[in-house]
Amino acid sequence: MNRGVIHVDESFIPLERWRRYLPNWLKRFLPIRGGRAEDHHGKGMFGFTVFLLSESIVFLSFILTYIALRLTHSKTWLPSGVSGPELSTFAIINTVVLLSSSFVIQPAENALKRGRLVKFRWLWLMTICMGSYFLISQGIEWSQLDFGLSTGLVGSTFYLLTGFHGLHVLTGVILQIIMLVRSFIRGNYNNSHFGVSATTLFWHFVDLIWVFLFSLLYIWQA
């Protein structure tokens, strides 16, 4: 089989024409005229993007459930003696650290693409540290809250949302550690860096989800 062959897109929807108007960062996640036979990176990124879309549906269901419960139980949302999560300086700093990590991990991936391996390692390690800081800080915050998982709706929904998101942050940190270790294998990223690109995209997704959760759990609560 000729691995340079481009599969013809027989779809009745003119995707290729619409694709020309999209920004470059988005184009790499979309199939082009069926995709080149050897374009494993492009196909992998497209598949991973579909996976993240399915994850976003899970988060969306949790978020909509939270909003519905909050609106229908507004008067009894906080049990007696419970103040709920507060918009504290501690929570704000934790959020800034997590969101700032997206502006660190992207240059790390770009450095790897340009073959600057040392710069990639330092920026990647910084992202790992920032993600770990978020997880540790969230654990400390949980220990200081005046409610638990079984404390009414406020407890069950708060720990479900932050816990599920924290699991994704932990997954992202583990993936980053694996990618960092692989960078010390000689020539590992010479031909492909799909793992790094997928991990970077996953991290952006985790940060974006936290923007919505922080707004719901802390700003709305305030």
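Residues numbered from 1 in each chain as written. Predicted model: local features only at pLDDT ≥ 70, side-chain atom pairs only at ≥ 80, totals over all residues. Heavy atoms only, no water.

Some details on the side chain of His168
Item 1. Looking at the element boundaries, His168 is found in helix α7 (residues 152-182).
Item 2. Take His168: its relative accessible area is 7%, and that puts it in the buried class.
Item 3. A polar contact is formed between the side chain of His168 and the backbone oxygen of Phe164, at a distance of 2.9 Å.
Item 4. His168 has contacts with Glu55, Phe59, Phe202, Phe205 and Val206, leaving out every residue within four places of it along the chain. (Helix = DSSP H or I, 4+ residues; strand = E, 2+ residues; numbered from the N terminus. Buried < 20%, exposed > 50% of the residue type's maximum accessible area, 1.4 Å probe, protein only. Polar contact = N/O pair within 3.5 Å; in protein donor to acceptor, adjacent residues only side chain to side chain. Contact = heavy atoms within 4.5 Å.)

Side note on the packing of helix α4 (residues 89-100) against helix α6 (residues 117-144)
Item 1. Interaxial distance between α4 and α6 falls to 9 Å at its minimum, and their mutual angle equals 155 degrees. What the angle tells us is that α4 and α6 run roughly antiparallel. In the crossing of α4 with α6, the sense of the turn from one axis to the other is left-handed. The residues of α6 that touch α4, namely those facing Phe90, Ala91, Ile93, Asn94, Val97, Leu98 and Ser100, are Met130, Tyr133, Phe134, Ser137, Gln138, Ile140 and Glu141.
Item 2. Tallied by class, residues from the contact of α4 with α6 come to 9 nonpolar, 4 polar and 1 charged. (Axes fitted to C-alpha atoms, helices over the stretch in contact; angles between N-to-C directions. Parallel < 35°, antiparallel > 145°, perpendicular 65-115°, else oblique. Left-handed = near helix turned anticlockwise from the far one by under 90°. Nonpolar A, V, L, I, M, F, W, Y, C, P; charged D, E, K, R; others polar.)

Regarding the confidence of the model for the protein chain
Item 1. Across the protein chain, the average pLDDT comes to 84, with 82% of residues at 70 or higher.
Item 2. Between the elements of the protein chain, mean pLDDT differs from a low of 63, seen in helix α2 (residues 24-27), to a high of 95, seen in α6.
Item 3. Considering only residues more than four positions removed or in separate chains, one finds that residues 1-11, a stretch of pLDDT under 50, has 18 contacts.
Item 4. Every residue in residues 33-37 is under pLDDT 50, and counting partners more than four places away or in other chains gives 17 contacts. (pLDDT = per-residue confidence, 0-100.)

Comments concerning the nonpolar core
Item 1. In terms of nonpolar packing, the biggest core is built from 47 residues, with Phe120 and Trp124 touching the most fellow members.
Item 2. For this core, the secondary-structure elements that each account for two or more residues are α3 (40-72), α4, α5 (102-113), α6, α7 and α8 (194-219).
Item 3. For this core, the element with the most residues is α8, which contributes 14 residues.
Item 4. Not counting the four nearest positions on each side in its chain, Phe120 is found in contact with Ala108, Ala111, Leu112, Ser183, Tyr189 and Val196. (Core = buried A, V, L, I, M, F, W, Y, C linked by side-chain atoms within 4.5 Å.)

As for the packing of α6 against α7
Item 1. Where α6 meets α7, the axes come as close as 10 Å, and the angle between the chain directions of the two elements is 155 degrees. Considered as vectors, α6 and α7 are oriented roughly antiparallel to each other. For α6 against α7, the interelement crossing comes out left-handed.
Item 2. Here the contact of α6 with α7 is built from residues that sort into 14 nonpolar, 9 polar and 1 charged.

Regarding a nonpolar patch on the surface
Item 1. Where nonpolar side chains cluster on the molecular surface, the patch consists of Leu87, Ile92, Val96 and Ile219 and spans about 320 Å² of accessible area.
Item 2. Topologically, Val96 is positioned in helix α4. (Patch = residues over 30% accessible without salt bridge, like charges linked within 9 Å, V, L, I, M, F, W, Y side chains within 5 Å. Areas by Shrake-Rupley, 256 points an atom, 1.4 Å probe, with all protein chains shown as cover. Salt bridge = Lys/Arg side-chain N within 4 Å of Asp/Glu carboxyl O.)

Comments concerning the side chain of Gln138
Item 1. By secondary structure assignment, the location of Gln138 is in helix α6.
Item 2. We classify Gln138 as buried; its relative accessible area is 4%.
Item 3. Leave out the neighbours within four places in its chain, and Gln138 touches Asn94, Thr162, Gly166 and Trp210.

A short note on the packing of aromatic side chains
Item 1. Taken as a whole and judged by the stated rule, the model has 17 aromatic pairs.
Item 2. Each ring, one from Tyr66 and one from Trp77, has its centre 5.4 Å from the other, and the planes form 90 degrees; the classification is edge-to-face. Placement of Tyr66 in helix α3 and of Trp77 in the loop between α3 and α4 is noted, with a sequence separation of 11 residues between them.
Item 3. Considering the side-chain rings of Phe147 and Phe158, the 5.5 Å spacing of their centres and the 80 degrees angle between planes classify their relative orientation as edge-to-face. Here Phe147 is found in the loop between α6 and α7, whereas its partner Phe158 is found in helix α7, with 11 residues between them in sequence.
Item 4. What links up through ring pairs into an aromatic cluster is the set Phe134, Trp142, Phe147, Phe158, Tyr159, Trp210, Phe214 and Tyr218.
Item 5. Above the ring of Trp220, the side-chain terminus of Arg70 is found at 4.7 Å from the ring centroid.
Item 6. Directly above the ring of Phe184 sits Arg121, whose terminal nitrogen or CZ lies 4.0 Å from the centroid. (Phe/Tyr/Trp six-rings, centres within 6.5 Å; stacked < 30°, edge-to-face > 60°. Lys NZ or Arg CZ within 6 Å of the ring centre and 35° of its normal.)

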